[in-house]
Amino acid sequence: MQNCVMPDLRLNSPLQYVKGVGPRKAELLAKYGLKSVHDMLLYFPREYLDRTSVVPISELKTDQPATIIGVVKAHGILYGKRRRYEVILEDQGSAISLLFFSGIKYWERLFKKGQVFAASGTVTYFQGYQIIHPDLERLEDDTDKMVHAGRIIPVYPQTAELTKMGLSSKSIRRITSFIFEHLKEKIDDPVPPENCSKFSLLSLDHAIRQIHYPDDRTIIEKCRRRLAFDELLELQYVIIQSKLTKSKLTRSCTFGEPAERLSQFKEDLSFELTAAQKRVIREIFDDLHREQPMSRLLHGDVGSGKTIVAIIAALFASENNLQTAFMAPTEILAAQHYRNWSEPLEKLGVRCGLLTSSIGAKKKREVAQLCADGEIDILFGTHALIYDYVAFEKLGLVIIDEQHRFGVEQRGRLFAKGNNPDLLVMTATPIPRTLALTVYGDLDISTIDELPPGRKPIRTVWRSEDARPKVYEFIKDEVKSGGQVYVLYPLIEKSERVELENVEDAFEQLSKNELKEVRLAMVHGRTKTAERDEILKRFRDGEIDVLLATTVIEVGIDNPNASIMMIEHAERFGLAQLHQLRGRVGRGERKSTVIAIAHYPLSDIAKKRLQYFCDSDDGFSIAEADLELRGPGEIYGLKQSGLPELRAANFWKDRDLLEESRKIVSRLSESQNRLDSPDQKLYNWLIENAKRRNLSLGGG
Ligand code: ADP
Ligand code: MG
């Protein structure tokens, strides 16, 4: 490749200039946000193949991590208590079995006899050596020089699409190694050295080179920390900019003092507000009397009573002749809010409306017209509220329930229907304090840290699949005595790699066998809205005993008679999400139980997570533990936040850097820009970077 006539590579060179990347591959890479050489360098390896630790199969020891390289001798499905896919890998006459319990179709297609694979994982012994779900990489016989050169080499994230287009981890490795060979530019470090040395951070150039091709294992974590710091600085910049922008808004909606209807409403409530609810209401009312429009996040554990707080704010807005838009992420939830609150509100002359996509075109137009004419005070709804045909005469307050279910842009569009309206967003995902201050740093935060009195504790246990028959018996007994039950199945994403219990097969199976004597129904993401509403209504009315569902029921559903929840594949859910799901039971008089069914093999972390779930019912400590124990993947609830994606940073491990980055960026944003300041370079980098990556939290 050295003889090719190649332009010098620069950081901003398009990837097309890299050997092996033609226009088609470049197009696909662009879909993954990889356009320039620079982008590619920030595409970090998922794993490493440590050729230095390759062990001949004959020398393997049990319970130890190892990498082996061998030839596929045989592969196929094994039937038995559990269906699994087995691959026999051989080197120098010794063999090992690789086992896969899920994604069978995928593995079937992947392996061919005679291919060479590197496999890493922990070796166990059961009628021979085996590795369950190893990390894999296909090698091209003996031509993959790097692997055989005794180095630690990167394994990049792979998707079926990338692999199909010839962008396997190995091809990406060729790209990155080509880049490092030809890059004529040092990666400039925006962070002043004194900031780096304070935390013993590597220079950026060093960190980026080493995270792709590390000299030894120990440097990888140091690289990650350094790159995490950059990400956290970026994150803080976006948040603090958003806060600054908000602080410059001026309100157009003015509020007087709370009047008659408000106290009447509180009097009519069937319960007394908790102290926490009262405090939060005060915080909100104070905001409404300030110069700047409110921008507040209300968080509190599931069932802590956030809705009523929002309703009281909406009522206050209507007393001041201002309209409220109350947006919820699902039709079920929007309809539930409307049903629960429209009657007591209408009684006081507050006009309520409901707008969701399933209510029919004519009705939609009618509601929209009423709203535009100011004939509706509080408009409940789903995403339907953000469409262009929905207008308000005077939108004063925007309330967003379960805000983590909405994207930035959606929130922004609703916000834009008013003239700097007040904004109240709610989430039931408790956020550890340290994190809330940084991640939601552009919002003021109110916390309901107290549950309404009289809630019964929920018993939570986790069991293996073997316990199912017993659980079904338990469910039947509960139904006999008048209780109702949720059975949860993991959301099935369109992925060929996962093979999970799914709600449709389970329904088929259970209604014929284990649960044939109880009244079953199912709902999932593909159930038609009208049908789903009908099913949920029947469930609430006690006409359905056991509801099989995916996580569509995660938010908001209120059936006080539901007393058991069984969660299949509980190991696949994060702790915070499990806790959120659990919030669907324990809402009434009955003693409630949650049974988490875990499927083997289970990692130690997964076991810890399940145990923690059983031991704690406090949303905040669960949120902390979730951070610490989170498996790979997203932090629950942050996916749609509009914040830059974090590839290296870990909120738990890097909480010191998180705090530091917040300090640095606040200082930069407040101080006057001066060309001679050492921070200026960092500040410019942050600005440029946000522009380049189009990062912003938008208006709302
Ligand atoms: P979340 O915070 O999860 O949105 P909700 O607002 O749905 O919780 O409230 C959960 C349940 O608690 C509802 O049935 C609501 O009417 C009830 N509730 C709210 N506040 C109180 C209170 N102070 N006392 C008793 N019940 C309450
Ligand atoms: Mg709620």
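Scroll up to find the structure this text is about.
Numbering of residues starts from 1 in each chain and follows the order in which that chain's sequence is written. Chains and ligands are labelled sequentially in the order written, the chains with letters from A and the ligands with numbers from 1. Predicted model: local features are reported for residues with pLDDT of at least 70 only, side-chain atom pairs are reported and counted for 80 or more only, and whole-chain, interface and lining totals are derived from all residues. Side-chain numbers here rest on the full set of heavy atoms in the structure, without hydrogens or water.

J.: Any chance you could explain the overall build of the chain here in plain terms?
T.: Secondary structure elements follow DSSP: runs of H or I no shorter than four residues count as helices, runs of E no shorter than two count as strands, and numbering proceeds from the N terminus. The helix and strand tally for the chain stands at 24 helices and 21 strands. Between the two quantities, the radius of gyration covers C-alpha atoms and the globule rule is 2.2 Å times the number of residues to the power 0.38. What you see for the chain is a C-alpha radius of gyration of 28 Å, in line with the 27 Å of a compact globule of 700 residues. Its C-alpha atoms give the chain principal-axis dimensions of roughly 85 × 75 × 45 Å. Counting across all 700 residues of the chain, residues that qualify as buried make up 54%. Contacts in the chain between residues far apart in sequence, at least 24 positions, make up 75% of those at least 6 positions apart. Surface summary for the chain: the accessible area is close to 32,200 Å², and the carbon and sulfur share equals 49%. Only four residue types enter the charge count, namely Lys and Arg as positive and Asp and Glu as negative; His and the chain termini do not. To locate a charge, take atom NZ for lysine, CZ for arginine, CG for aspartate or CD for glutamate. Between the averaged position of the 100 positive side-chain charges in the chain and that of its 100 negative side-chain charges there is a distance of 3 Å. Burial classification: accessible surface area is computed with a 1.4 Å probe over protein chains only, and a residue below 20% of its type maximum counts as buried, one above 50% as exposed, and the rest as partly exposed. The contact criterion used throughout is that any non-hydrogen atoms of two residues lie within 4.5 Å. Each accessible area is a Shrake-Rupley estimate made with a 1.4 Å probe; only the visible protein chains count as cover when residues are assessed.

J.: I'm lost on the environment of Met 294 in this one. Help?
T.: Counting through the fold element by element, Met 294 comes out in the loop between helix 11 (275-288) and strand 9 (295-300). Here the alpha-carbon distance between Met 294 and Lys 246, two residues 48 residues apart in the chain, equals 9.1 Å. Ignoring anything within four residues of it in the chain, the contact list for Met 294 reads Arg 251, Ile 284, Asp 287, Leu 288, Leu 397, Pro 421, Asp 422, Leu 423 and Leu 424.

J.: For this particular structure, what's the right way to read the site of ligand 1?
T.: For ligand 1, the set of nearby residues contains 15 residues, the closest of which are Glu 272, Gly 303, Lys 306, Thr 307 and Arg 455. N or O atoms closer than or at 3.5 Å make up a polar contact, with two conditions inside protein: a donor-capable atom paired with an acceptor-capable one, and, for residues adjacent in sequence, both atoms drawn from side chains. Gly 303 places a polar main-chain atom, nitrogen or oxygen, 2.6 Å from an oxygen atom of ligand 1. Backbone polar atom of Ser 304 to an oxygen atom of ligand 1: 3.4 Å apart, as the coordinates give it. Out of a free accessible area of 570 Å², ligand 1 has 79% covered by protein chains. The distinction between a cavity and a pocket rests on a 1 Å grid over the protein atoms alone: a 1.4 Å probe fits inside a cavity but cannot get out, while a pocket stays open yet meets protein on both sides within 12 Å along at least five of seven lines, and a residue with an atom within 4 Å of a point counts as lining. To be counted as sitting in a cavity or pocket, a molecule needs more than half of its atoms within 2 Å of that site's grid points. Mapping ligand 1 onto the cavity grids shows that it belongs to the second largest pocket. Class assignment of the residues belonging to the shell around ligand 1 gives a composition of 4 nonpolar, 6 polar and 5 charged. What makes a residue near a molecule or strand is one non-hydrogen atom of that residue sitting within 4 Å of it. All residues other than Ala, Val, Leu, Ile, Met, Phe, Trp, Tyr, Cys, Pro, Asp, Glu, Lys and Arg, Gly among them, are scored as polar; the first ten of these are nonpolar and the last four charged.

J.: I keep staring at the sheet that holds strand 21 (residues 592-598) and nothing clicks. Help me out?
T.: Strands in a sheet are paired, the pairing made by backbone hydrogen bonds, and the direction either parallel or antiparallel. Strands are treated as partners if at least two bridges between them are detected by DSSP. If you walk across this open sheet you meet the 6 strands as 16-21-20-17-19-18, and the pairing is parallel. The open sheet has two edge strands with one neighbour each: strand 16 (458-464) and strand 18 (520-523). Averaged over all pairs of adjacent strands, the angle between their axes in this sheet comes to 20 degrees, without regard to strand direction. As judged from the 4 bridges shared by strand 18 and strand 19 (residues 546-549), these two strands associate in the parallel manner. Axis geometry follows a simple rule: fit a line to the C-alpha atoms, using only the stretch in contact for helices, then measure angles between N-to-C directions, giving values from 0 to 180 degrees.

J.: What is the right way to look at the side chain of Arg 468 in this model?
T.: Among the secondary structure elements, Arg 468 is positioned in helix 17 (residues 468-480). On the accessibility criterion, Arg 468 (15% relative accessible area) is buried. Excluding anything up to four places from it in sequence, Arg 468 contacts Glu 501, Met 566, Glu 568 and His 599.

J.: Would you mind showing me how to read the packing of aromatic side chains here?
T.: Two aromatic rings, taken as a pair, are described by how far apart their centres are and by the angle between their planes. We call Phe, Tyr and Trp rings a pair once their centres come within 6.5 Å, taking the six-membered ring for Trp, and we label the pair stacked below 30 degrees between planes, edge-to-face above 60, and tilted otherwise. The tally for this structure, following the rule as stated, stands at 16 aromatic pairs. Pairwise contacts between aromatic rings join Phe 100, Tyr 106, Trp 107, Phe 111 and Phe 117 into one cluster.

J.: Would you explain empty space enclosed by the protein in this entry?
T.: Picture a little ball the size of a water molecule; that probe, rolled over the atoms, points out where space is still empty. Grid points are joined across faces, edges and corners, and a volume is the space filled by probe spheres set on the points. Under the criterion given, the structure shown has 2 cavities of 30 Å³ or more. Considered as a void within the structure, the second largest cavity measures approximately 50 Å³ in volume. Around the second largest cavity, the lining residues are Arg 46, Glu 47, Tyr 48, Leu 49, Ala 118, Ser 120, Asp 135, Leu 136, Glu 137 and Val 155. Sorting the residues of the lining of the second largest cavity by element identifies strand 1 (47-50), strand 5 (116-125) and strand 7 (135-139) as the ones contributing at least two each. Taken together, the residues that form the lining of the second largest cavity break down as 5 nonpolar, 1 polar and 4 charged.

J.: Where do I start with unusual backbone geometry in this structure?
T.: Note: most residues except glycine have negative phi, and most peptide bonds are trans. Of note in the backbone geometry, Gln 127 takes a positive phi value of approximately 50 degrees without being a glycine. Its location among the elements puts Gln 127 in the loop between strand 5 and strand 6 (129-132). You will see that His 133, though not glycine, has its phi angle at about 45 degrees, which is positive. With respect to the secondary-structure elements, His 133 resides in the loop between strand 6 and strand 7.

J.: Teacher, can you tell me more about a positive patch on the surface here?
T.: Candidate patch residues must exceed 30% relative accessible area and have no salt bridge, after which like charges are joined if within 9 Å and Val, Leu, Ile, Met, Phe, Trp or Tyr side chains if within 5 Å. Just to be clear on terms, a salt bridge is a Lys or Arg side-chain nitrogen sitting within 4 Å of an Asp or Glu carboxyl oxygen. A cluster of basic residues, Arg 459, Arg 463, Lys 470 and Lys 591, forms a positive patch at the surface. Turning to its location among the elements, Lys 470 is positioned in helix 17. The exposure class of Lys 470 is exposed, given its relative accessible area of 70%.

J.: When you look at the nonpolar core in this model, what are you seeing that I'm missing?
T.: Across soluble globular proteins, nonpolar side chains have a tendency to be buried as a group. We call a set of buried residues a nonpolar core when its members are Ala, Val, Leu, Ile, Met, Phe, Trp, Tyr or Cys and they connect through side-chain atoms within 4.5 Å of each other. Among the nonpolar cores identified, the biggest contains 88 residues, and Val 18, Leu 41, Ile 179 and Leu 379 are the most heavily contacted of them. By residue number, the principal contributor to this core is helix 9 (residues 218-247), which donates 12 residues. What Leu 379 contacts, discounting residues up to four positions off in sequence, is Thr 324, Ala 325, Phe 326, Gly 353, Leu 354, Leu 355, Val 367, Cys 371, Leu 385, Val 390 and Phe 392. In this structure, Leu 262, Leu 298, Leu 354 and Phe 380 belong to the second largest nonpolar core, which totals 43 residues.

J.: In this structure, what is going on with the sheet that holds strand 14 (residues 422-427)? I would like to understand it.
T.: The sheet built from 7 strands is open, its strands ordered 11-12-10-13-14-9-15 with parallel pairing. Looking at the sheet topology across the chains shown, the edges are occupied by strand 11 (352-355) and strand 15 (444-448). Strand-to-strand twist of the sheet, defined as the mean angle between neighbouring strand axes without regard to direction, takes the value 20 degrees. Here 4 bridges tie strand 11 to strand 12 (residues 378-381), and the two strands are oriented parallel to one another. Paired with Cys 352 across the two strands is Ile 378, which belongs to strand 12. Helix 15 (residues 408-415) contacts strand 10 (323-327), strand 13 (395-400) and strand 14 of the sheet and is inclined by roughly 160 degrees relative to strand 13.

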